[in-house]
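Here is what each chain is made of, one letter per residue.
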Amino acid sequence: MQTVRRIALLILVFGTVPVFARQTPWPPDVTLSPETLFVSDPGSSASCWPLYVLTRGGIQTVSSAGDEQPFIDGHKSSYAIEIRDQVLYATEGTRGADILGYDLQGQYVTAVPTPSEAKDYLTFVALPGERFALLDNVNDKVFFIDAAGSLLATADIRPWADNALQNVDGVVVEGRLILSEDGYHHVLQIDLATYQVSIFKDLSGVPGHSLGAIEYAEGTYYISAGLSLYSFTETGAAVKVADVPEENITGIVVFGESAYVSVNFSGKIYKIDLTDGTVSLLASGLDYPMDLECVEDSGTTEYFELCMPESMQVADKQSECWTFMEPWLTSFPPKPTWAPQDAVVTRIEYRIVIGSTIRCADYEISLDNDPTDMAAGVVVYDNLGGLTDKGYDDDDEYDRDIELDWRQTDAFNGQSVHQNWTACFEDTTVGYTGTVKELCLRIYWEIPEDQSCCGLQPGDRVVLLTDNPRDAVGLVAGMKGTVVCCDEDDPNLPLFVSWDSWTNGRNSDSYCDTPPLSYVPYSGWWIGCQDIGFVGSGGGNGGGGASDSDLVFCVDGDCISLSVDPSAPASSNTYIGSTPVAFELNFTGIFIAKVTPISPADGTWTAWVEPDVLGPGTVTATLWVRGENLDLASLPAGGGQIQVADVQIYVAPAL
């Protein structure tokens, strides 16, 4: 793409978009609003059992089979429950009550006092940054508090209070609190950095007296209106999903291809199939269920915590790093925070506090696992603020400190937990100095599933990533083949693959664990996991879906090919591609790329620009696009070019 795009400062495009570490190829899973950073919580399609249901008789659990068990007997006057970071929160009483927290074994762990200004709030939402939003449908206000109960800000649901006691529910989506109802069928959004309120969606066309519960999962919002469940997207209109037999839907949980809704008057929980709207009964006999929650079974509940034992000064215009050394993790006897040797990272959370006579715009903070190599770390704070932090951090003051309170990154996911972990602090301008007062990392981990046979099975289609593996004549990178069988006893060469249009191989299938699939004579070759990438499932030698097609992404009509990402697991169907982009700017800009899947292959996509801050003048950068978990079998077979994603590039002033 050689087109030079001319952009003047008069054009300002800024929304909620990915923030990218300046390294290739993975950006951290955070989002950027104009004011501050928040962890992105896009919902999940994973398992989510049991369901936690709030009733007049207390909090209960409901299993996937509909079995009901008491969980916490109290909270008979509550109207909302929330789950955040493995803690279940519930109000102690009806209006204006304190919030109590329990672990997922039902043991009390904390209490959050609520301010007198919020004496009429009824429901609440647990927010990122250890905050809560108290929803008051009497005075039509939202009160934002921290974990100590201190009032941070207020926001008006309506310009003035009315007599309509609307059913206010909320969900956090990419740095915004989305409220279900202002009393006039308007869905509201509140920026969690500025606490500014605006109308997000006008649902005046939805019939019924009022809207109610709201939920978000995988790009789609779900909202109730009486006995009806509706769905809508950021830009789309509301569409009815289904009606349940009785009113009134009070809670919604969505995962996989199903929605689960609680109905207060009938005392039931219904399951709604989101593919066809079919409704079935999950549980009945509940005492007026008022809210419904669940915890995604993500395998990320285990973690160990590392904290710097003393403060560390960062001299003027200098850099300092603190490294938690690997021998500490593997010490004997094991520490209480020990993780098994084969554990891998599922996410990292970090708490960092810098104080003293600092200038908040001085500092670039990054996380790394090997600061001695040439690769850049993951930037988590990049010269934000000025003489004060201007609200870019997680405390409620514009003071001369930086506080990042248990934010998270997925940039190290899949790596072994048993390595060095480092945080680096760079003072970038002259005149102020600071001290790192706190540095703690939480390394969440899980034991990965068995990856024998490279995570593949006979019949899977693969692509070769290396030339002439084990001196195979004529077998070059890019050739495709089919897994014939596996030898799980061989850690180096576990796959016997039949390669398309190649007959310089062998028929040595005697090591197969199971009877081999049929294959063209002398097309087979034993291969290692590092030499192949996953293309598609099934089909024997007949291929699978778009395995022989050229997958592309397009930017302003220019289309660029994607290749199998050799750094991703073979079974993840991950593709990556890049292209140069040129711009002419009259200001220093930050480049932001947004990618949208547009084919049946769908997938999880990220896009970023390197470097992401350039200008003024004519500048050239590299656009990277990466798609994971593509459903290649859904694409047409037969070769040719298939566009699977569309990309837009935005530029905003770099403040």
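Structural data are supplied above this passage.
Heads up: these notes are all about the structure in this document. Note that the structure is predicted; figures quoted are calculated from it, not measured. (Residues numbered from 1 in each chain as written. Predicted model: local features only at pLDDT ≥ 70, side-chain atom pairs only at ≥ 80, totals over all residues. Heavy atoms only, no water.)

Okay, the overall build of the chain next. Within the chain, the regular secondary structure consists of 1 helix and 51 strands. The buried share of the chain, taken over its 655 residues, is 52%. Look at the contacts in the chain between residues 6 or more apart in sequence, and 60% of them connect residues 24 or more apart. Carbon together with sulfur atoms contributes 49% to the accessible area of the chain, which is approximately 27,900 Å² in total. (Helix = DSSP H or I, 4+ residues; strand = E, 2+ residues; numbered from the N terminus. Buried < 20%, exposed > 50% of the residue type's maximum accessible area, 1.4 Å probe, protein only. Contact = heavy atoms within 4.5 Å. Areas by Shrake-Rupley, 256 points an atom, 1.4 Å probe, with all protein chains shown as cover.)

Our next topic: the nonpolar core. Ranked by internal contacts, the top residues of the largest apolar core, which has 34 residues, are Ile354, Ile365, Ile402, Phe425 and Leu439. Contributions of two or more residues to this core are made by strand E29 (302-307), strand E30 (312-314), strand E32 (344-355), strand E33 (363-368), strand E34 (378-382), strand E35 (402-409), strand E36 (421-427) and strand E37 (434-446). Not counting the four nearest positions on each side in its chain, Ile365 is found in contact with Ile352, Ile354, Val378, Val379, Val380, Tyr381, Ile402, Leu404, Cys424 and Phe425. Judged by nonpolar contacts, the second largest core, of 33 residues, contains Ile560, Ala593, Ala601 and Ile649. (Core = buried A, V, L, I, M, F, W, Y, C linked by side-chain atoms within 4.5 Å.)

Below, the discussion takes up the environment of Leu135. Position of Leu135 among the secondary structure elements: in strand E13 (residues 131-136). Here the alpha-carbon distance between Leu135 and Asn167, two residues 32 residues apart in the chain, equals 9.7 Å. When neighbours within four sequence positions are excluded, Leu135 is seen to be in contact with Tyr121, Leu122, Thr123, Phe124, Val125, Lys141, Val142, Val168, Asp169, Gly170 and Leu179.

What follows deals with the sheet that holds strand E23 (residues 239-243). For sheets, the rule is that strands pair by backbone hydrogen bonds, running either parallel or antiparallel. Read across the sheet, 4 strands follow the order E20-E21-E22-E23 without closing on themselves; strand pairing throughout is antiparallel. Two strands in the sheet have a free side with no partner beyond their single neighbour: strand E20 (214-217) and E23. Taking the axes of each pair of neighbouring strands and ignoring which way they run, one obtains an average angle of 25° across the sheet. In terms of strand pairing, strand E22 (residues 228-232) meets E23 through 4 bridges, oriented antiparallel. Bridging across to E23, Ser231 finds its partner in Val239. (Pairing = 2+ DSSP bridges. Axes fitted to C-alpha atoms, helices over the stretch in contact; angles between N-to-C directions.)

Turning next to the side chain of Ser262. As for its placement among the helices and strands, Ser262 is situated in strand E25 (residues 258-263). Ignoring sequence-local partners within four residues, the contact set of Ser262 consists of Asn248, Ile249, Thr250, Gly251, Lys268, Ile269, Pro289, Asp291 and Leu292.

The residue Glu584 is located in strand E46 (residues 575-585) in this model. In the structure, Glu584 is positioned 32 residues away from Pro616 in sequence and 7.4 Å away in space, judged by C-alpha atoms.

Time to look at the pattern of salt bridges. In this structure the tally under the stated criterion is 16 salt bridges. Here Glu349 and Arg442 are joined by a salt bridge, their closest N and O atoms 3.6 Å apart. Taken together, the residues span a long stretch of sequence, with Glu349 in strand E32 and Arg442 in strand E37 at a distance of 93 residues. Both residues of the pair, Glu349 and Arg442, count as buried. Linking Glu628 and Arg626 is a salt bridge whose minimum nitrogen-to-oxygen distance equals 3.5 Å. Put simply, Glu305, Arg347, Glu349 and Arg442 are held in one network by salt bridges that share partners. (Salt bridge = Lys/Arg side-chain N within 4 Å of Asp/Glu carboxyl O.)

Moving on, we get to the sheet that holds strand E44 (residues 558-561). Read from one edge of the open sheet, 5 strands run E44-E43-E51-E47-E49, paired in mixed fashion. At either end of the open sheet lies a strand with only one pairing partner, and these are E44 and strand E49 (613-614).

Turning our attention to the state of the cysteines. Within the structure shown, the criterion is met by 5 disulfides. What pairs with Cys307 in a disulfide is Cys440, and their sulfur atoms sit 2.0 Å apart. Disulfide Cys307-Cys440: torsion about the S-S bond near 115°, hence right-handed. Here Cys307, found in strand E29, pairs with Cys440, found in strand E37; they are 133 residues apart in sequence, far enough to count as distant. The class of Cys440 is buried, set by a relative accessible area of 10%. Disulfide pairing is shown between Cys554 and Cys559; the S-S distance is 1.9 Å. The sign of the S-S torsion, about 95°, decides the handedness of the disulfide formed by Cys554 and Cys559: right-handed. The exposure class of Cys554 is buried, given its relative accessible area of 4%. (Disulfide = S-S within 2.5 Å.)

If you trace the backbone, Asp162 turns up in the loop between strand E15 (151-156) and strand E16 (170-173). What makes Asp162 buried here is its relative accessible area of 14%. As a C-alpha pair, Asp162 and Asn137 span 25 residues in sequence and 9.1 Å in three-dimensional space. Excluding residues within four positions of it along the chain, Asp162 makes contact with Val138, Asp140 and Tyr184.

Let's shift gears to the pairing of strand E39 (residues 480-486). Counting buried positions along E39 yields 6 of 7 residues, so the element is predominantly enclosed. Pairing analysis gives 3 bridges linking strand E38 (residues 461-464) to E39, with the strands arranged antiparallel. Bridge assignment links Val462 to a residue of E39, and that residue is Gly481.

Geometrically, the link from Trp49 to Pro50 is a cis peptide bond, its omega value of 0° lying close to zero. Counting through the fold element by element, Pro50 comes out in the loop between strand E4 (37-39) and strand E5 (51-55). Going from Glu610 to Pro611, the amide bond is cis rather than trans, its omega being -15°. Turning to its location among the elements, Pro611 is positioned in the loop between strand E48 (604-610) and E49. Phi is positive for Ser501, close to 55°, though the residue is something other than glycine.

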